[in-house]
Amino acid sequence: MQFQQLTYFVAVAEARHFTRAAEEVHVSQPSLSQQIRALENELGAELFSRARGNITLTDAGEALLPLARRILADADTARHEVQELAQLRRGRVRLGATPSLCTGLLPDVLRAFHDRHPGIQLLLEEGGSHDLVRELARGALDLALVVLPLPAASPALTTVELLQEDLVVVSAAEAPRPGRGGSVRMAHLQGEPLVMFRHGYDLRELTVAACRAEGFEPSFTVEGGEMDAVLGFVRAGLGVAVVPSMVATRAGSDLRTTPLAPPGLRRTIALAHRSDVAPPRAARELQKVLLASRTG
């Protein structure tokens, strides 16, 4: 008895038609019929009644069908488990993250993951949370680091909170420090020239909402950039920007970091994947490293 024969048997049992079953399993109808006949000869019983082209299961066929399905399912499980072990040596992970996390969190995490699993290819996609949620939904990503809360129309995703991060104000080192004393309130940014991210950037939406909560519309000198561009414009003295603290600590000595006065401004970062599809083994290993970074 061969797996191929059982596959053909199940296909005919479900289609109740030899030609359609052959098309389903991508084999010629004579070859499929020959393999079914060989299986019947080996078992010593007919599996199908072929009266006038009406294909029905015999008693022997009815008895074999659930067993055949279980055998094929077990074979698929075994194949999947072995493939997942192989993925830890030569697999890939498709990870999405916001640009600020690519700059702040991911370098150290991905280095730790690569040290453990040097054979796994890391494919990284930068984007805003809205874009990353869309890519997760269509199966283009295995995991994504997104900012909570997710868009209201998000597909079914499983999210695990990874960290909460303070936002800070960065300015050119030689420019006057914004605010008063050692910190700055959002209200102090009224009239302050801001360098602003492009539309769709989570940080843009968060900053603009915080300004409006203080009763004013922010004033932009330059807008539309990604993280590196925004930091470059701030270095050039074009204005200040609100950025995550992890980005600010890596920004260099030519930028000054000023914390926001209590209650400050924070954002919540979560690790997300589709609820209906389990991430592949390599992605689950990266997930472990990312979750460990919360306490590391």
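Look above for the structure.
Please read all numbers here as calculations on a predicted model, not as lab measurements. Here, residues in each chain are numbered from 1, in the same order as that chain's written sequence. For a predicted model such as this one, the threshold for reporting local features is a pLDDT of at least 70, and the threshold for listing and counting side-chain atom pairs is 80 or more; totals across whole chains, interfaces and linings nevertheless cover every residue. Only hydrogens and water are set aside; all other atoms, that is, all heavy atoms of the structure, feed into the side-chain values.

Enquirer: Requested: an account of the nonpolar core, with residues and values cited.
Expert: Counting residues in each nonpolar core, the largest one holds 30 residues, and the members touching the most others are Leu189, Phe197, Met227 and Val243. If sequence neighbours within four positions are ignored, Met227 has contacts with Pro99, Ser100, Thr103, Phe197, Tyr201, Leu203, Val243, Pro244 and Val247. Counting residues in hydrophobic clusters, the runner-up holds 24 residues, among them Leu110, Phe113, Leu145 and Leu290. As used here, the term nonpolar core means buried Ala, Val, Leu, Ile, Met, Phe, Trp, Tyr and Cys residues forming a set that is joined through side-chain atoms within 4.5 Å. Accessible area is worked out with a 1.4 Å probe on protein chains only. A residue is then buried under 20% of its type maximum, exposed over 50%, and partly exposed in between. Note on contacts: a residue pair qualifies if any of its non-hydrogen atoms lie within 4.5 Å across the two residues.

Enquirer: Give me the lowdown on the pattern of salt bridges, citing residues and values where you can.
Expert: When a carboxyl oxygen of Asp or Glu lies within 4 Å of a side-chain nitrogen of Lys or Arg, that pair is called a salt bridge. Counting across every chain of the model gives 18 salt bridges. Glu165 serves as the salt-bridge partner of Arg267, at 3.3 Å between the closest nitrogen and oxygen. Of this pair, Arg267 sits in strand β11 (residues 266-274) while Glu165 sits in strand β6 (residues 157-172), and the two are 102 residues apart along the sequence. Judged by its relative accessible area of 3%, Glu165 falls in the buried class. The closest approach of N and O atoms between Glu285 and Lys288, which form a salt bridge, is 3.2 Å. Linking Glu285 with Lys288, this pair stays in helix α11 (residues 281-292), spanning three residues, or about one helical turn. You can call Glu285 buried: its relative accessible area is 13%. Each member of the salt-bridge network shares a partner with another, and the members are Arg37, Glu40 and Arg50. Labels follow the DSSP assignment, with helices taken as runs of H or I lasting at least four residues and strands as runs of E lasting at least two, numbered in each case from the N terminus.

Enquirer: Which residues make up the side chain of His273, and what values do they have?
Expert: Of note, His273 is situated in strand β11. Overall, His273 belongs to the buried group, its relative accessible area being 13%.

Enquirer: Which residues make up a nonpolar patch on the surface, and what values do they have?
Expert: Only residues above 30% relative accessible area that lack a salt bridge enter a patch, with like-charged residues linked at up to 9 Å and the nonpolar side chains Val, Leu, Ile, Met, Phe, Trp and Tyr linked at up to 5 Å. Only the protein chains shown count as cover for residues, with accessible areas throughout obtained via the Shrake-Rupley method and a probe of 1.4 Å. Together, Phe3, Leu67 and Ile71 make up a nonpolar patch on the protein surface, roughly 270 Å² of accessible area in all. Following the sequence through the fold, Phe3 ends up in helix α1 (residues 3-15).

Enquirer: Report on the packing of helix α6 (residues 106-116) against α11, specifying residues and quantitative values.
Expert: Angles shown run from 0 to 180 degrees and are taken between the N-to-C directions of axes, each axis being a line fitted to C-alpha atoms and, for helices, limited to the stretch in contact. Two elements in contact, α6 and α11, have axes whose closest approach is 10 Å; the angle formed by their N-to-C orientations is 130°. Relative to α11, α6 is oriented oblique. Crossing geometry of α6 relative to α11 is assigned as right-handed. Seen from α6, the contacting residues are Leu106, Val109, Leu110, Ala112, Phe113 and Arg116; seen from α11, they are Ala282, Glu285, Leu286, Val289 and Leu290. In these notes the angle categories are as follows: under 35 degrees is roughly parallel, over 145 is roughly antiparallel, 65 to 115 is roughly perpendicular, and the rest is oblique. Working rule for handedness: look at the near helix, and if it is turned counterclockwise from the far one by less than a right angle, call the crossing left-handed; if clockwise, right-handed.

Enquirer: Please set out helix α7 (residues 129-137) residue by residue, giving values where relevant.
Expert: Residues Ser129, Leu132, Val133, Glu135 and Leu136 constitute the buried set of α7. Down the axis of α7, the buried side of the element spans an arc of 160°, and every buried residue falls inside it. Elements in contact with the buried residues of α7: β3 (92-97), β4 (121-126), β5 (143-148), β6, α8 (202-213) and β11. Two residues or fewer past α7, Gly139 is found with a positive phi of approximately 80°. Arc definition: it is the arc formed by the directions from the helix axis to the C-beta atoms.

Enquirer: For the packing of aromatic side chains, give the residues involved together with the corresponding values.
Expert: Only rings of Phe, Tyr and Trp enter the pairing, Trp through its six-membered ring, and a pair is recorded when the two centres are within 6.5 Å. The plane angle decides the type: under 30 degrees is stacked, over 60 is edge-to-face, the rest tilted. Within the structure shown, the criterion is met by three aromatic pairs. Judged by centre distance (5.4 Å) and plane angle (50°), the rings of Phe9 and Phe48 are tilted. Of this pair, Phe9 sits in helix α1 while Phe48 is found in strand β1 (residues 48-49), placing the two residues 39 residues apart along the sequence. The exposure class of Phe48 is buried, given its relative accessible area of 0%. Here the aromatic rings of Phe18 and Phe48 are separated by 5.9 Å at their centres, their planes lie at 70°, and the arrangement is edge-to-face. Of the two residues, Phe18 is situated in helix α2 (residues 18-24) and Phe48 in strand β1; the sequence distance between them amounts to 30 residues. What makes Phe18 buried here is its relative accessible area of 10%. Feature note: the residues Phe9, Phe18 and Phe48 constitute an aromatic cluster, connected by ring pairs.

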